[in-house]
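An overview of the molecular structure
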Amino acid sequence: MPLLVKICGLKTMRDVDAAIGAGADMIGVVFFPKSPRNVSLATACALSGRACGRAGVVALAVDPDDDFVAAIMANLKPDLIQLHGAETPERVADIRHRFSVRVMKAIGVGSAEDLAQVPAYAAVSDMLLVDAKPPKTPDGLPGGNGLTFDWRLVAGLDPGRPVMLSGGLHPGNVAEAIRLTRLNGVDVSSGVESSPGRKDPDKIRAFVEAARLTEAEGVW
Ligand SMILES: O=C(O)c1ccccc1N[C@@H]1O[C@H](COP(=O)(O)O)[C@@H](O)[C@H]1O
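Predicted model, so just to flag it, every value in this text is computed and none were measured.

Scoring rules and cut-offs
- Residues numbered from 1 in each chain as written.
- Predicted model: local features only at pLDDT ≥ 70, side-chain atom pairs only at ≥ 80, totals over all residues.
- Heavy atoms only, no water.
- Axes fitted to C-alpha atoms, helices over the stretch in contact; angles between N-to-C directions.
- Helix = DSSP H or I, 4+ residues; strand = E, 2+ residues; numbered from the N terminus.
- Left-handed = near helix turned anticlockwise from the far one by under 90°.
- Contact = heavy atoms within 4.5 Å.
- Nonpolar A, V, L, I, M, F, W, Y, C, P; charged D, E, K, R; others polar.
- 1 Å grid on protein atoms, 1.4 Å probe; cavity = no way out; pocket = protein on both sides within 12 Å on 5 of 7 lines; lining within 4 Å.
- Points joined across faces, edges and corners; volume = space filled by probe spheres on them.
- UniProt positions renumbered as here; feature names shortened; annotations may be inferred.
- Near = heavy atom within 4 Å.
- Polar contact = N/O pair within 3.5 Å; in protein donor to acceptor, adjacent residues only side chain to side chain.
- Areas by Shrake-Rupley, 256 points an atom, 1.4 Å probe, with all protein chains shown as cover.
- Sits in = over half its atoms within 2 Å of the grid points.
- Buried < 20%, exposed > 50% of the residue type's maximum accessible area, 1.4 Å probe, protein only.
- Arc of directions from axis to C-beta.

Contact geometry of helix 6 (residues 174–181) with helix 7 (residues 201–217) gives a least axis separation of 8 Å together with a crossing angle of 35 degrees. As helix 6 packs across helix 7, the resulting crossing turns out to be right-handed. Contacts between helix 6 and helix 7 pair Val-174, Ala-175, Ile-178 and Arg-179 from the former with Phe-207, Ala-210, Ala-211, Thr-214 and Glu-217 from the latter. Here the residues of the contact of helix 6 with helix 7 are counted per class, giving six nonpolar, one polar and two charged.

Written as structure tokens, this is what we have:
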């Protein structure tokens, strides 16, 4: 399986063109009102139309209720839903089966103990995403914080499902992260921005290039 590269939190057609032009496999749209990357369903559909057939579209939601998942499925029809909240394994299974959608569950990692939940989520998800554990501040975002974690905790993690790495990745550290963890893919949001919510095409290009170089090196 080739290395998967996902660029998340796209808001404009320019962002989509930059991500796909750089060679990303997946683009992500964020549905989380508190995020500087939040988009409406209508905007997400327009961005998805631009990406159609050129990259997979991932809908990121945080503890979505059934009505919202139904709206996403009826309008956007993403290739994958990224669940980035406190969804339990039961809720993940419920969304996956009820809406016949592929699911990537995000797991916050701060210590080895956090990995105890991996098997339960792997059993009900199509993919997993290991991200830095978010800070416990009242206004804190559940992701997209540009925070890294100790990658050694997830080095070689193989729960029987593809696993992507995220959390504070940027053009300058993504190659090292891939070499160290050897996971199936990488996901980035704030690390390819010039300011919160504003993607930088040069950083996107540099990020994808650095990630792809590790494939060429044969380290992955
Ligand atoms: O990007 C956001 O705004 C966001 C909001 C709510 C939940 C998750 C979010 N982003 C995801 O967080 C990780 C890490 O992001 P970063 O690269 O550290 O900025 C990534 O998987 C994003 O998809």
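Looking now at empty space enclosed by the protein. Applying the stated criterion to the full structure yields one cavity of 30 Å³ or more. Roughly 300 Å³ of volume is contained in the largest cavity. Elements supplying a minimum of two residues to the lining of the largest cavity: strand 6 (127–132) and strand 8 (185–188). By residue class, the composition of the lining of the largest cavity is 12 nonpolar, 13 polar and three charged.

Per the UniProt record, the feature "domain: N-(5'phosphoribosyl) anthranilate isomerase (PRAI)" (unreviewed entry) sits at residues 5–209. Note that residues 5–209 is 31% helix and 21% strand, and that its end C-alpha atoms are spaced 10 Å apart.

Our focus in this paragraph is the site of the ligand. Around the ligand, the structure places 22 residues, and the nearest of them are Ser-35, Arg-37, Gly-144, Asp-187 and Ser-190. One of the backbone nitrogen or oxygen atoms of Gly-146 is found 3.0 Å away from an oxygen atom of the ligand. In the environment of the ligand, an oxygen atom lies 2.9 Å from a nitrogen or oxygen atom belonging to the backbone of Gly-168. Notes on the ligand: free accessible area 510 Å², of which the protein chains cover 100%. Judged by the proximity of its atoms to the pocket grid, the ligand belongs to the largest cavity.

Moving on, we get to helix 4 (residues 89–98). Considered for burial, the residues of helix 4 that qualify are Pro-89, Val-92, Ala-93 and Ile-95. Looking down the long axis of helix 4, one finds its buried residues gathered within 165 degrees of arc, a one-sided arrangement. Away from its buried face by more than 90 degrees, helix 4 exposes Glu-90, His-97 and Arg-98. Those residues of helix 4 that are buried are in contact with helix 3 (66–76), strand 4 (80–83), strand 5 (103–109) and helix 5 (118–122).

So, about the layout of surface pockets. In this structure, the largest pocket spans a volume of roughly 380 Å³. Every residue lining the largest pocket is counted, 21 residues in all, and those nearest its centre are His-84, Gly-85, Ala-86, Gly-108 and Pro-134. For the lining of the largest pocket, the secondary-structure elements that each account for two or more residues are strand 5 and strand 6. Among the elements that line the lining of the largest pocket, the one with the most residues is strand 5, at four residues.

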